Amino acid sequence: MAQVKQDLFEQSDVEKDAVSVGESSYAQKDWHNSYKWSRKLLQWGLETRGITPVALRERVDTQYSKIFFLWLSFNFNILSFSAGTLGPAIFGLGLRDSCLVILFFNLLCSALPAYLTTWGPKLGLRQMCQARYSFGYYGVIVPSIFNLCSMTGFCILNCILGGQTLSSISNGHLSWSVGIVVITLISLFISFCGYRVLTWYERLAWIPVLVVYLVALGVGGKHLGNPPPAEPATAATILSFASTIAGFVITYSSLSSDFTIYFNPSVSSWKIFTYSYLGFNVPIILCQCLGAAVAVSVPLVPAWEDGYADGNVGGLIEAMLRPTGNFGKFLTVLIALSVTANIAPTFYSFSLSFQVFIPPLAVIPRYMFSLLATAILIPVSIVGAHKFYDTLTNFLGLIGYWASAFGAIILVEHLLIRRGDFSSYDIRYWKDPSRLPTGAAALGACALACALIIPSIDQVWFVGPIAARTGDIGFELAFFSAGVFYIPLRYVELKFRPMV
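Our focus in this paragraph is the side chain of Ser240. Here Ser240 lies in helix α16 (residues 235-250). At 3.5 Å, the side chain of Ser240 forms a polar contact with the backbone nitrogen of Asp472. Excluding its chain neighbours within four sequence positions, the residues that come into contact with Ser240 are Phe91, Asp458, Gly471 and Asp472.

Shown next as structure tokens:
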């Protein structure tokens, strides 16, 4: 007994377990053994596990700081910078108002995904699989579709930014399209290899980005000291920008525990929460505030204004680094490649969510779906490349609505219905449609919440009657209304199907 306990708590890195074929489903074993090339991939240590739960004996990773560096590199990139520029560039806010919105709403909205990362070590379930315990086996397909669309959207935005930035240093010799292909293929390689390579890469990817931003501040910081005065902000404008900022971070709720399922369950939830909360807020707040400061100062610097033509954020970065000559071009390449640290783990979670979306495909190894994501991403990114700001604003505003409702429902299920007790989740039935909830309560709560969400959204294509007076409060109402509606519906559902 003592030896078993020692084996469980032994200081160990999980990668050697994560890539073992012994942890794959039998169908995956058969699949891998059927092809010579797939057997070779296994010998190289490729991770094959998809949505299969991680058994308690396999949750042995004690390198908990991994999750901090993963979220740090995930968000320490040019996309976070570009989201900050939206305050002045699109919503007409001054630097002070933009930074206050960025600070407050990131600190608020990142708490949910940071908390959900603590569930991975306790349950050993990927995030969308855990959602089956509230949405049901078939009902969870609906949020899985939204999740796939959200992740694809983020990848598209990152590819466009990376392609723009690579193109900006080539004097027209390298098109945006070629840059997009380069960024996507690098991300595919990292994601394809799985947990081992992914976590190693994310530990290091933030370092060159930090160097780039420090150099940019060194050569261009003198232009940021005296921002021009701005028009007084209205409540509607503040809330609309807040909705965009919330959409940037709250959507991590649908993939939070994907990267913590190998952690030892004895770890303090507060430790994982703190690592994740800092991993979200340190890069996002710093990069978004820097983006807002630079966007405010663009009209004062002709070179920046030229580079920023037509909302070309990559060109703006290149213009800031231009005074350093060829070294600046090298740094521009580094900041362009920074988006791979976001795309690669997103590909990883895309693969998992696709298996939840179409359960029979769970027998196919995870990495095959990264190829599918790449096939979708490249053409769509190329088509949307020249409408980046319209795409960014509309996308971030929309995804916050569904993610808020999703987060509220699984939170209410855990804290209220299950009293925060992880032992109430019977992992034996993680893929049993007859034992899991029907999903009627969760989907019904989302449907009822739409009656409040739709009148409260403020988008280019539609402004609801409530939003016309208050600004966009759709994500706030989505969270509170979905959670409230879920409570009575879930208790009715429990009368017909016991909790597992």
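A few words on the packing of helix α12 (residues 141-168) against helix α20 (residues 326-337). It is the contact of α12 with α20, at a shortest axis distance of 8 Å, that shows an interaxial angle of 170 degrees. On the basis of their axis angle, the class for α12 and α20 is roughly antiparallel. Only Thr332, Val333, Ile335 and Ala336 of α20 make contact with α12, whose side of the interface consists of Gly162, Thr165, Leu166 and Ser168. Residues belonging to the contact of α12 with α20 are distributed by class as follows: four nonpolar, four polar and no charged.

This part is about the layout of surface pockets. Considering only enclosed or pocket space, the largest pocket measures out at about 470 Å³ in volume. Looking at the largest pocket, it is lined by 21 residues, and the ones nearest its centre are Phe146, Tyr401, Trp402, Cys450 and Ile453. If you list the elements that add at least two residues to the lining of the largest pocket, you get α12, α23 (388-417) and α24 (440-453). With seven residues, α23 is the single largest residue contributor to the lining of the largest pocket. Residue classes in the lining of the largest pocket are distributed as 20 nonpolar, one polar and no charged.

Before going further, it helps to examine empty space enclosed by the protein. Considering all chains together, one arrives at four cavities of 30 Å³ or more under this definition. Surrounding the largest cavity, Phe74, Asn147, Ser150, Met151, Phe154, Phe248, Thr251, Tyr252, Ser254, Leu255, Asn342 and Thr346 form its lining. Where the lining of the largest cavity is concerned, the elements lending two or more residues are α12 and α21 (340-357). Per-element accounting of the lining of the largest cavity gives the leading share, four residues, to α12. Class assignment of the residues belonging to the lining of the largest cavity gives a composition of six nonpolar, six polar and no charged.

Now for the nonpolar core. In terms of nonpolar packing, the biggest core is built from 130 residues, with Trp71, Phe259 and Val294 touching the most fellow members. The element that contributes the greatest number of residues to this core is α23, accounting for eleven residues. In contact with Trp71, other than residues within four places in its own chain, are Thr117, Tyr252, Leu255, Ser256, Phe259, Ser276, Gly279, Phe280 and Pro283.

Moving on: the confidence of the model for the chain. Confidence in the prediction of the chain, expressed as mean pLDDT, is 85, and 87% of residues score 70 or more. Counted against residues more than four places away or in other chains, residues 1-33, with its pLDDT under 50, gives 67 contacts.

With that out of the way, let us pick up the packing of aromatic side chains. This model, assessed by the stated rule, comprises 31 aromatic pairs. With a centroid separation of 5.2 Å and 35 degrees between ring planes, the pair formed by Tyr252 and Phe280 is classed as tilted. Here the residue Tyr252 occupies a position in the loop between α16 and α17 (269-297), and Phe280 occupies one in helix α17, the gap between them amounting to 28 residues. The pair Tyr252 / Phe280 is uniform in exposure class, with both members buried.

Here the focus is the environment of Ala451. With respect to the secondary-structure elements, Ala451 resides in helix α24. For Ala451, a relative accessible area of 56% puts it in the exposed group. A C-alpha to C-alpha distance of 9.5 Å links Ala451 and Ser481, two positions 30 residues apart in sequence.

Definitions and cut-offs
Residues numbered from 1 in each chain as written. Predicted model: local features only at pLDDT ≥ 70, side-chain atom pairs only at ≥ 80, totals over all residues. Heavy atoms only, no water. Helix = DSSP H or I, 4+ residues; strand = E, 2+ residues; numbered from the N terminus. Polar contact = N/O pair within 3.5 Å; in protein donor to acceptor, adjacent residues only side chain to side chain. Contact = heavy atoms within 4.5 Å. Axes fitted to C-alpha atoms, helices over the stretch in contact; angles between N-to-C directions. Parallel < 35°, antiparallel > 145°, perpendicular 65-115°, else oblique. Nonpolar A, V, L, I, M, F, W, Y, C, P; charged D, E, K, R; others polar. 1 Å grid on protein atoms, 1.4 Å probe; cavity = no way out; pocket = protein on both sides within 12 Å on 5 of 7 lines; lining within 4 Å. Points joined across faces, edges and corners; volume = space filled by probe spheres on them. Core = buried A, V, L, I, M, F, W, Y, C linked by side-chain atoms within 4.5 Å. Buried < 20%, exposed > 50% of the residue type's maximum accessible area, 1.4 Å probe, protein only. pLDDT = per-residue confidence, 0-100. Phe/Tyr/Trp six-rings, centres within 6.5 Å; stacked < 30°, edge-to-face > 60°.

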